[in-house]
Amino acid sequence: MSGTYNPGGEGAPVESLDQLTAYFAAGCKPEAGFRIGTEHEKFGFALEDHTPLPYENGGGPSVRKMLEGLVAFGWTPIEEEGHVVALKRQGASITLEPGGQFELSGAPLETIHETCAEVNGHLREVREVADRIGAGFLGLGFSPKWSLEETPMMPKARYKLMKAYMPKVGTMGHQMMFRSCTVQTNLDFASEADMAKKFRVSLALQPLATALFANSPFKDGGLNGFLSYRAHVWTDTDNNRTGMLPFVFDDGFGFEQYRDWALDVPMYFVKRNNVYLDATGQSFRDFLDGKLPVLPGERPVLSDWEDHLSTLFPEVRLKTFLEMRGADSGPWNTLCALPAFWVGLLYDSTALDAAWDLVKDWTAEERNALRLGAARTGLKTPFRSGTLQDVAREVLAISRKGLNARKRLNGHGENESLFLDDLDEIVKTGRTRAEDLIARFNGDWGGSIEPVFTEAAY
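Residues numbered from 1 in each chain as written. Predicted model: local features only at pLDDT ≥ 70, side-chain atom pairs only at ≥ 80, totals over all residues. Heavy atoms only, no water.

Enquirer: Please clarify how the overall build of the protein chain should be interpreted in this entry.
Expert: Check the secondary structure of the protein chain and you find 17 helices and 17 strands. What you see for the protein chain is a C-alpha radius of gyration of 22 Å, in line with the 23 Å of a compact globule of 458 residues. On the principal axes, the C-alpha backbone points of the protein chain span a range of 65 × 55 × 45 Å. A buried classification covers 60% of the 458 residues belonging to the protein chain. Long-range contacts, defined here as pairs at least 24 residues apart, represent 73% of the contacts in the protein chain between residues at least 6 apart. Taken as a whole, the protein chain presents about 17700 Å² of accessible surface, with 49% of it coming from carbon and sulfur. (Helix = DSSP H or I, 4+ residues; strand = E, 2+ residues; numbered from the N terminus. Rg over C-alpha atoms; globule rule 2.2 N^0.38 Å. Buried < 20%, exposed > 50% of the residue type's maximum accessible area, 1.4 Å probe, protein only. Contact = heavy atoms within 4.5 Å. Areas by Shrake-Rupley, 256 points an atom, 1.4 Å probe, with all protein chains shown as cover.)

So this is what it looks like as structure tokens:
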């Protein structure tokens, strides 16, 4: 490959579109190599007055003290401009979202039992450090009381660029950045055809995940009119890079079509020598031609493509794996239920076929209506002759069969389907966690948001 080395990048410049497509194809692996990655975010707060944790806080509780305290458990700190902004350990990482939301990106694991053990171990470590410094953590999908002005900003350069750019492309980008929390599952594919089928099934059913895990009914100390306000916020964050991607359902969809969509999404930044250069609104296609205004004459390296892909936020995102992005963060049991839900559907071929049969005739208009409806009305969202609750019954049954077929047992001889039990109860009653919280707010909480800092704490 010809071309000069790109200073601060990794490797030689990208010289063809095929190299960008090959990035996705490199994720293909045999079924025996399939793994499960789970990510979840949570809000930190001071126990004394329920204010958000700033990065620095003198003698008080802070994000920095949380990170430094966790180093004692074998985490390696990662710094940016002298600030500890992340931790790494054995394939897992702890990172910071813009408003200080604390995110665990779990290691790639083989079973949901391992995933749940990882989540529980993480929460134990977090609680130990938090108790010592006077902090707590909330499992909610949206900040229950702090305004944007009251929410701190973490010292990461890419967030400064995003904060300045967001108001140019939508009305709720800052709400997403600073006030939302999600739980996410990352899953593998065997081939391009397998990727396409899993992408279609998971994209169609992402609104169901939004409904099942709806857990963000509060904002500014009161009710916000939604069950998943986090999901609503994504409807006007930046529609160039979000949403339901109708082209995924077109005949012939594959890596190349996703690549072409990604190329047309405006950029955020380019990273050179650990410095983030502002490329907001600029074109990756121009970058390929050496015509990027912020780096004239330079062409991208593959790490630039990887960075760009990380700034796309559709309901399902393709990298070298598929990311399920539709769920609110919640209590610890939901952090195990979400990967179980998706693994049951996507990692057993019979279940995947059944799920595809269920959704394959849904129209783009129906899928989008479900996305919008699930945020507001959850499982009560109308769909054809019934509701999303009816769909949920069928889908959960498919997922349970898929998990049963996997036969991945814990030490008690139980398979992974046990992690769906809480979802079964939600589907049986039709009441989401958000609706339970609303009832508590209107009932024994007496219209006060303060009890949520106990009721929704980890």
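Enquirer: I would appreciate a short explanation of the side chain of Glu 125 in the present structure.
Expert: In this fold, Glu 125 is placed in helix α3 (residues 112-133). Owing to a relative accessible area of 12%, Glu 125 belongs among the buried residues under this scheme. Non-local contacts of Glu 125, meaning those with residues more than four positions away in its chain, are made with Leu 70, Phe 73, Trp 75 and Arg 89.

Enquirer: Even after reading the chapter, I still don't get the nonpolar core, so can you show me in this structure?
Expert: Nonpolar side chains in soluble globular proteins tend to be buried together. Judged by nonpolar contacts, the single largest core of 110 residues is most densely connected at Phe 102, Phe 199, Leu 208, Leu 212, Tyr 258, Phe 341 and Trp 342. With eleven residues, helix α6 (residues 192-212) is the single largest residue contributor to this core. Excluding residues that lie within four positions of it along the chain, Phe 102 makes contacts with His 40, Glu 41, Lys 42, Val 63, Met 66, Leu 67, Leu 70, Ile 94, Thr 95, Leu 96, Val 126 and Phe 137. In terms of nonpolar packing, the next biggest core, distinct from the first, is built from 21 residues, Met 177, Ala 231, Tyr 276 and Ala 375 among them. (Core = buried A, V, L, I, M, F, W, Y, C linked by side-chain atoms within 4.5 Å.)

Enquirer: Please clarify how the packing of aromatic side chains should be interpreted in this entry.
Expert: A ring pair, where both rings are aromatic, is described by two values, the distance of the centres and the angle of the planes. For the structure shown, the criterion picks out 26 aromatic pairs. Considering the side-chain rings of Tyr 258 and Trp 261, the 5.3 Å spacing of their centres and the 55° angle between planes classify their relative orientation as tilted. Of this pair, Tyr 258 and Trp 261 both sit in helix α8 (residues 255-263), three residues apart, roughly one helical turn. When sorted by exposure, Tyr 258 lands in the same class as Trp 261, which is buried. Members of the aromatic cluster, joined through ring pairs, are Tyr 23, Phe 24, Phe 189, Phe 199, Phe 247, Phe 253, Phe 255, Tyr 258, Trp 261, Phe 284, Phe 287 and Trp 305. (Phe/Tyr/Trp six-rings, centres within 6.5 Å; stacked < 30°, edge-to-face > 60°.)

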